[in-house]
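# What the coordinates show
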Amino acid sequence: MEHSQDKPAAREVDKYCINCWSGPRCCSTSLMYAFAQRNDTQVIDEPLYASYLAITGAARPYRDLVLAAQENSAHKVAASILGPRSKPVLYAKHIAKHKVGLNQSLWQGARHVVRMRACCRGDGRRR
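Residues numbered from 1 in each chain as written. Predicted model: local features only at pLDDT ≥ 70, side-chain atom pairs only at ≥ 80, totals over all residues. Heavy atoms only, no water.

## Some words on the packing of aromatic side chains
Taken as a whole and judged by the stated rule, the model has four aromatic pairs. Ring centres of Trp 21 and Trp 107 lie 4.9 Å apart, and the angle between their planes is 25°; on these two criteria the pair is classed as stacked. Of the two residues, Trp 21 is situated in strand S1 (residues 14-22) and Trp 107 in helix H5 (residues 104-109); the sequence distance between them amounts to 86 residues. Judged by centre distance (6.4 Å) and plane angle (45°), the ring pair of Tyr 49 and Tyr 62 falls under tilted. In this pair, Tyr 49 is assigned in helix H2 (residues 49-56) and Tyr 62 in the loop between H2 and helix H3 (63-69), connecting sequence segments 13 residues apart. (Phe/Tyr/Trp six-rings, centres within 6.5 Å; stacked < 30°, edge-to-face > 60°. Helix = DSSP H or I, 4+ residues; strand = E, 2+ residues; numbered from the N terminus.)

This is the structure in structure tokens:
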């Protein structure tokens, strides 16, 4: 028989750590700017981008600048997102494909929102 003290404690979800995952051109930057207007919210824009570039080797004209300016380890980025912060609420805007190399800590320790854009009207034509 299994006793409750034998189970590892469940990690508590930080309900004030909001991670918004989206694709390009779906108004995610506008939503980020809206959160930035709040006095109680710290905003981070695409913190996993350098890690994505380092892991995938994707060629970008500004690649070296991004790699020099941002943390290159997805695990360290996740730890900083889940760690102490300057304001009570943290809003991190992510591009979904940047999640490469990310461990489970961020998925399990925070809230997540998936932002999708509507690409078609009801009749199948593009908006």
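## Some details on the environment of Thr 41
Following the sequence through the fold, Thr 41 ends up in strand S2 (residues 41-45). It is 6.9 Å that separates the C-alpha atoms of Thr 41 and Tyr 91, two residues lying 50 residues apart in sequence. Leave out the neighbours within four places in its chain, and Thr 41 touches Phe 35, Lys 87, Val 89 and Tyr 91. A polar contact is formed between the side chain of Thr 41 and the side chain of Asp 40, at a distance of 2.9 Å. (Contact = heavy atoms within 4.5 Å. Polar contact = N/O pair within 3.5 Å; in protein donor to acceptor, adjacent residues only side chain to side chain.)

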